Amino acid sequence: METTRQVPETLVAALIDFENVGLDSIQWLFDQISDVGRIIVRRAYADWSDAGNRRDQLLELGIEPIQQFHGGPIGKNSSDIRLAIDAVELLHQSPIDTFVIVSSDSDFIPLVNKLRAAGKTVIGAGRKATAPRTLIISCDKYYYLDQSRKIEVTGKTEEGKKSDTLLIRAVQATMDEQGKVVGSKLHQTMQRLDPSFDFRALGYATFTKYLEASPMVKVKRPRGPGDVIVEVDDSTLSTLEQPLETGVWDRELDRRWSEKLAKYGHSIPGPVAAMEAATVIGVNKLKDSKYKTLQGLLESSEYLNARWSREGNLILKRAPA
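Read on for an overview of the structure. (Residues numbered from 1 in each chain as written. Predicted model: local features only at pLDDT ≥ 70, side-chain atom pairs only at ≥ 80, totals over all residues. Heavy atoms only, no water.)

1. Here's the deal with the overall build of the chain
Argument step 1. Scanning the chain from N- to C-terminus turns up 14 helices and twelve strands.
Argument step 2. By residue count, 45% of the 321 residues in the chain fall in the buried class. (Helix = DSSP H or I, 4+ residues; strand = E, 2+ residues; numbered from the N terminus. Buried < 20%, exposed > 50% of the residue type's maximum accessible area, 1.4 Å probe, protein only.)

2. Side note on helix 12 (residues 270-281)
Argument step 1. Compared with an ideal rise of 1.5 Å per residue, which puts twelve residues at 16 Å, helix 12 spans 16 Å between its outermost C-alpha atoms and is within 8% of the ideal.
Argument step 2. In terms of residue burial, helix 12 counts as a mostly covered element, since ten of its twelve residues are buried.
Argument step 3. Turning to helix 12, its buried residues number three or more, namely Gly270, Val272, Ala273, Ala274, Glu276, Ala277, Ala278, Thr279, Val280 and Ile281.
Argument step 4. Against the buried residues of helix 12 lie helix 11 (249-264), strand 10 (267-269), helix 13 (294-300) and strand 12 (314-317). (Expected span 1.5 Å × (residues − 1). Contact = heavy atoms within 4.5 Å.)

3. Description of the sheet that holds strand 12
Argument step 1. Within the open sheet, the three strands sit side by side as 10-12-11. Their pairing is antiparallel. For this open sheet the edge positions go to strand 10 and strand 11 (308-311), each flanked by a neighbour on one side alone. Averaged over all neighbouring strand pairs, the angle between strand axes comes to 30°, with direction disregarded.
Argument step 2. Sheet topology note: the strand 10/strand 12 ladder contains three bridges and is antiparallel. Note on strand 12: the bridge partner recorded for Pro269 is Leu314.
Argument step 3. Lying over the sheet, helix 11 contacts strand 10, strand 11 and strand 12, oriented at roughly 100° with respect to strand 10.
Argument step 4. On the sheet, helix 12 packs against strand 10 and strand 12 and is oriented at approximately 80° with respect to strand 10. (Pairing = 2+ DSSP bridges. Axes fitted to C-alpha atoms, helices over the stretch in contact; angles between N-to-C directions.)

4. Some details on the pattern of salt bridges
Argument step 1. If you walk through the whole model with that rule in mind, you get 13 salt bridges.
Argument step 2. Where Arg43 meets Glu64, a salt bridge forms, and the shortest distance between an N and an O atom there is 3.5 Å. With a gap of 21 residues between them, Arg43 in strand 2 (residues 38-46) and Glu64 in strand 3 (residues 64-67) connect regions that are remote in the sequence.
Argument step 3. A network of salt bridges, in which partner residues are shared, links Arg43, Glu64, Arg82 and Asp86. (Salt bridge = Lys/Arg side-chain N within 4 Å of Asp/Glu carboxyl O.)

5. Considerations on a positive patch on the surface
Argument step 1. On the surface, Lys180, Lys218, Lys220 and Arg223 cluster together into a patch of positive charge.
Argument step 2. Within the secondary structure layout, Lys218 lies in strand 8 (residues 217-220). (Patch = residues over 30% accessible without salt bridge, like charges linked within 9 Å, V, L, I, M, F, W, Y side chains within 5 Å. Areas by Shrake-Rupley, 256 points an atom, 1.4 Å probe, with all protein chains shown as cover. Lys, Arg positive; Asp, Glu negative; His and termini not counted. Charge placed at Lys NZ, Arg CZ, Asp CG, Glu CD.)

6. Considerations on the packing of aromatic side chains
Argument step 1. Following the criterion strictly, the structure yields nine aromatic pairs and no others.
Argument step 2. Measuring from ring centre to ring centre gives 6.0 Å for Trp28 and Tyr143, while their planes differ by 90°; the resulting arrangement is edge-to-face. A residue pair is termed long-range when its members are at least 10 positions apart, and Trp28 in helix 2 (residues 26-33) and Tyr143 in strand 6 (residues 141-144) qualify at 115 residues. Grouping residues by exposure puts Trp28 and Tyr143 together as buried.
Argument step 3. Look at Tyr142 and Tyr144: their rings are 5.9 Å apart centre to centre, the planes differ by 65°, and that puts the pair in the edge-to-face class.
Argument step 4. Residue Tyr142 is classed as buried on the basis of its relative accessible area, which comes to 13%. (Phe/Tyr/Trp six-rings, centres within 6.5 Å; stacked < 30°, edge-to-face > 60°.)

7. Thoughts on helix 8 (residues 183-193)
Argument step 1. Inspection of helix 8 places Gly183, Leu186, His187, Thr189, Met190 and Leu193 among the buried residues, and these make up the whole buried set. Seen end-on, helix 8 carries its buried residues on one side only, within an arc spanning 165°. (Arc of directions from axis to C-beta.)

8. So, the pairing of strand 9 (residues 229-232)
Argument step 1. Only one face of strand 9 is buried, namely the one carrying Val230 and Val232, since none of Ile229 and Glu231 on the opposite face is buried.
Argument step 2. Sheet analysis places strand 8 next to strand 9, joined by four bridges and oriented antiparallel. In the strand pairing of strand 9, Val217 is matched with Val232.

Here you go:
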């Protein structure tokens, strides 16, 4: 009797340079690499002594915070060094097949080269505006965290909204160049993204019937035996490609400007602030957006306007009220 061999599952480690990239797009990144394999290590490196509500976000994402105090001459590089040490230890002491290095820091190039020389796959991820070309080409694949978009689903119960959002996330993570994915692979990815997902609990006898009932995707059955083919409905895709709305991009821009302030001191040069804004909004230049100028950008968001002001060609942080 012929038996079917199971293909060994790819094991993934995601190591996050929090002080370089933050956490705002990490769920999106996890969605993308869910197609690669099972993420068994999720660690973020930083001085978490003043993490605030970031601790809750870490718990929601299932990430282990690795504490590195910034005292002594090493300073902020201590987190980078600890990340590199952990990666090398995992290389020699664990069955990890793929390493995901989440950072835009070129200092990680030697680490990437070492992991690849050992036969491991290395995926990088970071901000497009700051990721050096040398780091990008060193990796097997590199994701720009800026390209993530918030998914909105309306007109359904909370469980229905949750499953539709999960479905679209899974399709986007696994679809090929034609925008299609086979049903069994899609189901596996959905369960990786949310182990609690169960189409039966939503009232469907099979996964295919669940897919066919969803207005978010189109399903094509084969003429004979075989798996169904799934693709995102055109109307759904056009909705997902809309720019980030206020309440999403302004929080992200506030975080980015705050990081830049640590580098420039009391104010951020206008061109630097505009470049960060364009990246967050998703345009090549700020003048290509509906805001046109930094002043227009500030006036469009109460959140930003309460925290930042413009003086000439500079952006300044407002003093706390």
